Every structure is written in structure tokens, then in C-alpha cells.
Amino acid sequence: LLAFSGGLDTSFCVLYLQEQGWEVHTVTVDTGGFDAAELGRIEAMAARLGVASHQTIDARQELFDRTLKYLIFGNVLRGNVYPLSVSAERVVQARAVVRAAQSVSAQALAHGSTGAGNDQIRFDVAFRALAPDLAIITPIRDLALSREQETAFLKERGIEIPAKTTTYSINEGMWGTSIGGRETLTSHQPLPEEAWPGGLIDVARSPMQLQIQFENGIPVALSGGALPPIQLIQKLNQMAAPYGIGRGYHVGDTILGIKGRIGFEAAAATILIQAHRELEKLVLTAKQSFWKDQLGNLYGSLLHEGHAFDPISCNLEAFLESSQTHVTGSVHLTLGPHHCLVTGAESEYSLMNPDVATYGEANRLWTGEEAAGFAKVYGIPQTLIARAQGGQS
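A. Summary view of the overall build of the protein chain. Scanning the protein chain from terminus to terminus reveals 14 helices and 16 strands. With the C-alpha coordinates of the protein chain rotated into their principal frame, the extents come out at 85 × 50 × 40 Å. The buried share of the protein chain, reckoned over its 393 residues, is 46%. In the protein chain, 71% of the contacts between residues at least 6 apart in sequence involve partners at least 24 apart. For the protein chain, the accessible surface area stands at approximately 19,500 Å², while carbon and sulfur atoms represent 54% of it.

B. Representation of helix α7 (residues 147-156). Buried within α7 are the following residues: Glu150, Phe153 and Leu154. Down the axis, α7 shows its buried residues gathered within 95° of arc, on one side only. Exposed and oriented more than 90 degrees from the buried face of α7 are Glu148, Lys155 and Glu156. Those residues of α7 that are buried are in contact with α1 (8-19) and α6 (139-143).

C. The arrangement of helix α5 (residues 119-130) in detail. Taking 1.5 Å of rise per residue, 12 residues should cover 16 Å, and α5 covers 16 Å from first to last C-alpha, within 8% of that figure. Along α5, the residues classified as buried are Asp119, Gln120, Arg122, Phe123, Asp124, Ala126 and Phe127.

D. Seen up close, the pairing of strand β2 (residues 25-30). Within β2, 6 of the 6 residues are buried, which leaves it mostly tucked inside the rest of the structure. Burial of β2 is two-sided: the residues His25, Val27 and Val29 facing one way and the residues Thr26, Thr28 and Asp30 facing the other way are all buried. As paired elements, strand β1 (residues 2-3) and β2 share 2 bridges and run parallel to each other. Residue pairing for β2: Ala3 is matched across the bridge by Val27. After leaving β1, the chain enters α1 and then returns to the sheet as β2, a path that is right-handed.

E. Highlighting the pattern of salt bridges. As enumerated under the stated definition, the model contains 20 salt bridges in all. Between Arg182 and Glu183 there is a salt bridge whose closest N-O contact spans 3.7 Å. Classification of Arg182 as exposed rests on a relative accessible area of 54%. In this structure Glu183 comes out as buried when scored by relative accessible area, which is 8%. Glu265 serves as the salt-bridge partner of Arg247, at 2.7 Å between the closest nitrogen and oxygen. Of this pair, Arg247 sits in strand β11 (residues 247-253) while Glu265 sits in strand β12 (residues 259-265), and the two are 18 residues apart along the sequence. For Arg247, a relative accessible area of 18% corresponds to the buried category. By relative accessible area, which is 9% here, Glu265 ends up buried. A network of salt bridges, in which partner residues are shared, links Glu89, Arg90, Asp119 and Arg122.

F. Molecular detail of unusual backbone geometry. Backbone geometry at Asn75 places phi at a positive 50°, although glycine is not the residue there. Tracing the backbone shows Asn75 in the loop between α3 (60-73) and α4 (87-103). A positive phi angle, close to 55°, is found at Ser105, a residue other than glycine. Tracing the sequence through the fold places Ser105 in the loop between α4 and β4 (108-110). For Ser105, a relative accessible area of 61% gives the class exposed.

What counts as what
Residues numbered from 1 in each chain as written. Predicted model: local features only at pLDDT ≥ 70, side-chain atom pairs only at ≥ 80, totals over all residues. Heavy atoms only, no water. Helix = DSSP H or I, 4+ residues; strand = E, 2+ residues; numbered from the N terminus. Buried < 20%, exposed > 50% of the residue type's maximum accessible area, 1.4 Å probe, protein only. Contact = heavy atoms within 4.5 Å. Areas by Shrake-Rupley, 256 points an atom, 1.4 Å probe, with all protein chains shown as cover. Arc of directions from axis to C-beta. Expected span 1.5 Å × (residues − 1). Pairing = 2+ DSSP bridges. Right-handed = clockwise from strand over helix to strand, strands pointing away. Salt bridge = Lys/Arg side-chain N within 4 Å of Asp/Glu carboxyl O.

Written out as C-alpha cells, the structure is:
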């Protein structure tokens, strides 16, 4: 059973495995990166390649329920910029692939990852955790072929792959799209405009006002219209993509221990995390916010680095979910070309109460004399240090 995207690598895998004597079944797991036309193209490609059977699995709801909502709860951004667009999908895809393999009584699982990236680790670890009795076959990794060699192999057998697919490695999903190519092999070169899914951005585009409603940390309405989270994310991607919001580059430490760089475009993820974080500032205590930052970052690291099946991931999910009890309210935003600005947030659980105290102006909870006493006591440790060290800092 081969995890199949219909692109260069997995198309190569089908023909190569068949020539090695395998009966190849394929499965495409839709995590929001395919429209109906693309799914039709993938199914047609599978048929053209002569697979024994092909399945298409809609895993978008499972992706949100088992992964994306926790990334929102934790405001997870790898390196403070990247919303885990690819790694968010891999565990859900692996689960679906294993279920498909069981449905055809497969003897082995195959994927098209290379030996240079993170996905090979994520899939291998997940497959061994979920289906330890099945062999894992990875032709691209094992043969160490270049994209040009794969293209030539397929062409010799009458299969043409679109040129863009051979130039850039593109992973598209509901939580964003990652782009890899010759430019991202460097630490400084930008991708050309045509490489981005949204293409050229009109910098003169008029601003757009948005309002996002959250209930217990989950986005439930967009500008007054109630929507299930999946539809809300997809609509937000469509609305914000023309502004180029959520585009960026991420340089990070890979699972294999080297530095890697990707371009990404993740409009909905960027906006939702930015809005959710601002609402949390209004309703959570300082200690809640501090520990959420630490543990949310840990949760994202575990997911990104292939440790999703470590029990601590479930422990962290329980913590993150419990922190969202009062994260209910509305966030107002303004979208502009390459820019998203949160202009305000409101909640019935707001801890900001101008009737009690106004920062820097007035209060009703303490007197000036009490404030002076607090300031003196608050500074005692620094006063003692200054005395002990002769006033040196």
C-alpha cells in the first residue's frame, strides 16, 4: 500500500515497485490540499499507472479534531514563524494509510519520502507504532535518485509529469503550503513569485475587515457567519490568500540534525493563531499564558519531530484543552497586502476591567499609599543585592 499524491516521487514509486514484482495499491489522504479536479487527476494518474486499487480518504475533520485545534490552543509557530503546515498532517495521514493497508490486507507500506528530510522519519515512526508487522519500503530514499532521474525514468515509460512539479517540491494542505526548491537550498535567496500558490500580490489591494469568533478556543464564526472549523479555515484561506498573508521563510533544525529552509504560505493558520493569541491575552492569567507558551511550544516540537506517539503528547493535549475554558469571544482584524493587524478583542470573560482600574491612570482596588508600600516591598531583593555588591550592576 503506497501513500500516493500523484506527483513525481510517488508516481515513480508505483512503476518501480511494480517492476520489482509488487502488486501496488494506492491511497490519497486528503488533508485539505486537493480540490475535486486535483483528486480526479490523482485518481486518473493512479489508473494510468496500473495500480491494483486506489482509495481517496477525506481526513480533514480528523486533522482538525486530532491536531489542528491543539496547534491553535497552543499558538504553535515553529521558530516563531512557521505554523507546522506539513508536519500537522503527517500523523493523520499515517493513520489513514495504515487503515487503508489493513483494508487490502497489504504486506508492506510504502512512501515517497527522500532520505534528506523530516517526513521519512515521521512516516517511519508512525508506521512502526501503528503497524509494526508491516514492512516499510522507501524507493526514493533507498535509490537516492535526483528529481531529474525520476522524471527521465517515468518519461521512458510514457508518463509525463508537469515541469513545475519537477522544479519545486510543494506540499499543500488545509493548514498551509510549503515550497522547496533551489532557492530554499540557500539561506538567503527568495522564491520567485510564480512559485507561491497565490502568485503575484497586488500591493494596491484595499484593506479588508474581519471578525473571528472563538468558543472555548475553537474558531466558530467568520465576520458574523457561523461555520464549522474546516469550512472556516478553507474560507479564510480563500479570502486572505490574495493579500499574500501567511507567506514566509523558515530556517530550522531538522530531525536529522542539520539546518533546513522552506518557504511557506499559510494564510488561515497565521491569522487564526494571531487572533487566538490576542484573545487569550484578554482572558488568561499571566501564569496561564507563561506555561501555555512553554508547553504549547513543546507540543509543537514533539509533533514536528516525529514524537506524536509519545504519551506526553496526550498529556499536553489535555493541558491545552483545559486552558481554553474561557477563551470565548471575538477578535477584530484588518487585512492588507502582506500584513494582518489585530485591532482588538472582546470577551465576556475579559480580565481587563476599566471600572476597577485603568493602567497608568486610576484605580479603585488600592490607594496611592498602598501602591507605594507595594513598590518598596517589591524592590527589596534588588535593594539587598545593591547593598551587598556595593551598588554595582
